[in-house]
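A look at the structure
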Amino acid sequence: MLLLLDILFFAKRRFCFLLKFKVQGSKICPPLSASGFNFITMPKYQIKNIAIGSLKPHEEICPLHLKNLRAEIKKDGCVKDPIIADKNTLVILDGHHRWNSLLSLGAAFCPCCLVDYQSGEIGVACWRAGEKISKKEVLFAGLSGKLLPQKTSRHLIPDRPVGLNIGLADLR
């Protein structure tokens, strides 16, 4: 007899996720999806599939990293983490390589965690020592199309969602 078992887990009251297991006799098989995680809700952040052309990058990308990430996403058949974008302007804050990978793979939508960039909870810093960047500069780059060099900004987003593993088929 084959039985499908759904188990709902809660972690730190920030999100919950659903694991789908296959039970055959007395044996519980590994989760059914590639990752096993199907997130249901994350009250702190809003996660949506956004039209890929609506998002606005603010940084250039590294071609080698793009090539490797694109190959990984294509092989895995899913995007592991959502892009982080400002909910008011749709400027990408984190995930430029994921966004470009999805764009090159023909995705129509992109999984996005929409945040209030003006919130004091979200910070921005530079990857390179001695340099400074402001939220205003990031938004200007995204809205004007005058991209900053790669790895200029590093966004500090508490409790960012990871491990969503959204299938490519769901983004077409």
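Report follows, based on the coordinates. (Residues numbered from 1 in each chain as written. Predicted model: local features only at pLDDT ≥ 70, side-chain atom pairs only at ≥ 80, totals over all residues. Heavy atoms only, no water.)

**Describing the packing of aromatic side chains**
- A complete count under the given rule lists zero aromatic pairs for this structure.
- One residue, R154, lies across the ring of W127, its end atom 4.9 Å from the ring centre. (Phe/Tyr/Trp six-rings, centres within 6.5 Å; stacked < 30°, edge-to-face > 60°. Lys NZ or Arg CZ within 6 Å of the ring centre and 35° of its normal.)

**Notes on the pattern of salt bridges**
- Applying the stated criterion across every chain, the model contains six salt bridges.
- For K75, the salt bridge goes to D76, with nearest N and O atoms at 3.3 Å.
- For K75, a relative accessible area of 70% gives the class exposed.
- Overall, D76 belongs to the partly exposed group, its relative accessible area being 27%.
- Put simply, E72, K75, D76 and K80 are held in one network by salt bridges that share partners. (Salt bridge = Lys/Arg side-chain N within 4 Å of Asp/Glu carboxyl O. Buried < 20%, exposed > 50% of the residue type's maximum accessible area, 1.4 Å probe, protein only.)

**Digging into the sheet that holds strand 5 (residues 46-51)**
- Within the open sheet, the four strands sit side by side as 5-9-7-8. Their pairing is mixed. Edge positions in the sheet fall to strand 5 and strand 8 (92-94), since each has one partner strand and no second. Neighbour-to-neighbour, the strand axes of this sheet turn through a mean angle of 45 degrees, independent of strand direction.
- Two elements, strand 7 (residues 83-86) and strand 8, share two bridges in a ladder whose sense is antiparallel. When the bridges of strand 8 are listed, I84 appears paired with D94.
- Helix 2 (residues 96-104) rests against strand 7, strand 8 and strand 9 (109-115) of the sheet, and its axis sits at about 120 degrees to strand 8. (Pairing = 2+ DSSP bridges. Helix = DSSP H or I, 4+ residues; strand = E, 2+ residues; numbered from the N terminus. Axes fitted to C-alpha atoms, helices over the stretch in contact; angles between N-to-C directions. Contact = heavy atoms within 4.5 Å.)

**What about the nonpolar core?**
- Ranked by size, the top nonpolar core spans 19 residues in total, and within it L55, W99, L102, C110 and C112 carry the most contacts.
- If you list the elements that add at least two residues to this core, you get helix 1 (63-76), strand 7, helix 2 and strand 9.
- When residues in this core are grouped by element, the largest group, three residues, is from strand 9.
- Other than its neighbours up to four places away in sequence, L55 contacts I50, A85, L90, I92, W99, C110 and C112. (Core = buried A, V, L, I, M, F, W, Y, C linked by side-chain atoms within 4.5 Å.)

**Focus: helix 3 (residues 135-144)**
- For helix 3, every residue scored as buried is listed here: K135, V138, L139, A141 and G142. Projected down its long axis, helix 3 shows its buried positions confined to an angular sector of 160 degrees, all on one face. Away from its buried face by more than 90 degrees, helix 3 exposes K136, F140 and L143.
- Lining the buried residues of helix 3 we find strand 7, strand 8, strand 10 (123-126) and strand 11 (153-156).
- Phi turns positive one or two residues past the end of helix 3, at G145, with a value near 85 degrees. (Arc of directions from axis to C-beta.)

These results come straight from atomic positions and should not be treated as a statement about function.
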